[in-house]
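Commentary on secondary and tertiary structure
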Amino acid sequence: IPSEEKKQEYYNIISSESDKLAHLANNILDFSRVERGRIRYHFEAMDITAVVRDTVDRFKTYMLDENRPVALAMDPCPPVKVDVHAMTQAVMNLLTNAAKYSPPGTPIEVNVRAASNNIIIEVIDRGYGVAAAEQKKIFQRFYRVSKPYVSQIEGSGLGLTLVQYTAEAHGGKVLVESEEGRGS
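Now for a description of the structure that goes with this document. For clarity, every value in this text was computed on a predicted model and none was experimentally measured.

**A short note on the overall build of the protein**
From N to C terminus, the protein includes four helices and five strands. Starting at the N terminus and ending at the C terminus, the protein contains elements arranged as α-β-α-β-β-α-β-β-α. By residue count, 35% of the 184 residues in the protein fall in the buried class. Looking at the protein as shown, the accessible area adds up to about 11100 Å², and 52% of this sits on carbon and sulfur atoms.

**Quick word on the packing of aromatic side chains**
Within the structure shown, the criterion is met by one aromatic pair. Considering the side-chain rings of Y41 and F43, the 5.9 Å spacing of their centres and the 35° angle between planes classify their relative orientation as tilted. Among the residues examined, Y41 registers a relative accessible area of 23% and is labelled partly exposed. Relative accessible area serves as the criterion here: at 38%, F43 is assigned to the partly exposed category.

**Focus on the sheet that holds strand β5 (residues 118-125)**
The strand order β2-β4-β5 describes an open sheet built from three strands, whose pairing is mixed. One side of each edge strand has no neighbouring strand; the edge strands of this open sheet are β2 (70-74) and β5. For this sheet the average axis-to-axis angle between neighbouring strands, irrespective of direction, equals 10°. With five bridges joining them, β2 and strand β4 (residues 108-115) adopt parallel strand pairing. Within the sheet, the bridge partner assigned to L72 lies in β4 and is V110. Helix α2 (residues 48-62) rests against β2, β4 and β5 of the sheet, and its axis sits at about 175° to β2. Along the sheet face, helix α3 (residues 84-100) touches β4 and β5 and points at about 25° away from the line of β5.

**Focus on the pairing of β5**
Bridge count for β4 against β5 is eight bridges, and the pairing is antiparallel. Paired with A115 across the two strands is N118, which belongs to β5. Linking β4 to β5, which pair antiparallel, is a turn of two residues; within it S116 sits at a positive phi near 55°.

**A closer look at the packing of α3 against helix α4 (residues 159-169)**
When two helices pack together, their arrangement is given by the angle between the helix axes and by the axis-to-axis distance. Two elements in contact, α3 and α4, have axes separated by 9 Å at closest approach and are oriented at 140°. Between α3 and α4, the angle is such that the two are oblique. Pair α3 / α4 crosses with left-handed handedness. Where α3 abuts α4, its residues A86, M87, Q89, A90, N93, L94 and N97 lie against G159, L160, L162, V163 and T166.

**As for α3**
When the terminal C-alpha atoms of α3 are compared, their 24 Å separation across 17 residues agrees well with the 24 Å that a helix rising 1.5 Å per residue should span. With 13 of 17 residues buried, α3 is to be regarded as a mostly interior element. The N-terminus of α3 is capped by D83, whose side-chain oxygen sits 3.1 Å from the backbone nitrogen of H85.

**Considerations on the pattern of salt bridges**
In the structure shown here, the tally under the stated rule is three salt bridges. Across the pair R182 and E179 runs a salt bridge whose closest N-O atoms are separated by 4.0 Å. Residue classification places E179 among the partly exposed residues on the basis of a relative accessible area of 45%.

**Let's talk about unusual backbone geometry**
In this structure, S116 is a non-glycine residue whose phi angle is positive, near 55°. Among the structural elements, S116 can be located in the loop between β4 and β5.

**Observations concerning α2**
Its 15 residues give α2 an end-to-end C-alpha distance of 21 Å, which sits within 8% of 21 Å, the value for a rise of 1.5 Å per residue. Of the residues making up α2, those classed as buried are I48, T49, V51, V52, T55, V56, F59 and Y62. Considered in projection along α2, the buried side chains sweep an arc of 160° and stay on one side of the axis.

Procedures and definitions
Residues numbered from 1 in each chain as written. Predicted model: local features only at pLDDT ≥ 70, side-chain atom pairs only at ≥ 80, totals over all residues. Heavy atoms only, no water. Helix = DSSP H or I, 4+ residues; strand = E, 2+ residues; numbered from the N terminus. Buried < 20%, exposed > 50% of the residue type's maximum accessible area, 1.4 Å probe, protein only. Areas by Shrake-Rupley, 256 points an atom, 1.4 Å probe, with all protein chains shown as cover. Phe/Tyr/Trp six-rings, centres within 6.5 Å; stacked < 30°, edge-to-face > 60°. Pairing = 2+ DSSP bridges. Axes fitted to C-alpha atoms, helices over the stretch in contact; angles between N-to-C directions. Contact = heavy atoms within 4.5 Å. Parallel < 35°, antiparallel > 145°, perpendicular 65-115°, else oblique. Left-handed = near helix turned anticlockwise from the far one by under 90°. Expected span 1.5 Å × (residues − 1). Polar contact = N/O pair within 3.5 Å; in protein donor to acceptor, adjacent residues only side chain to side chain. Salt bridge = Lys/Arg side-chain N within 4 Å of Asp/Glu carboxyl O. Arc of directions from axis to C-beta.

Quick look at the structure:
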């Protein structure tokens, strides 16, 4: 390798691609476990803001090669029982979707707040958006939005399905608000 700069560049590329591959493999394995009824959640009382903050930090490392600002706003929340692995994966899936379906450099917002007896985690992008007719379908396994640009974007169509399974396993639900051309 001709220089330390090139060595670091190559390392960053290899590391980033390895992270992407591991994320995809984990999605497929977890989806398989859920479908067979063999996934076991390990709930423990946690500070959900710490889980989300750690996931956002990991996402920023994962997206190291892309200039993607992420604004994080979190209110204090009481400890909640969560499966850290599942929740981390669900938030990571939402973040990677926000990045994949938005123009490069478009910011992502992540908000965490308590409301009544619930914790609300929002991932907001200013991307391509999802047509109203497709919003319920995006949580179906292997479903991908039927727009020409989607064929250019990597994905298995499992990420949002896993987000929905995780939300339901935690006694919650996942909702989408989106408008074509304005984000989700």
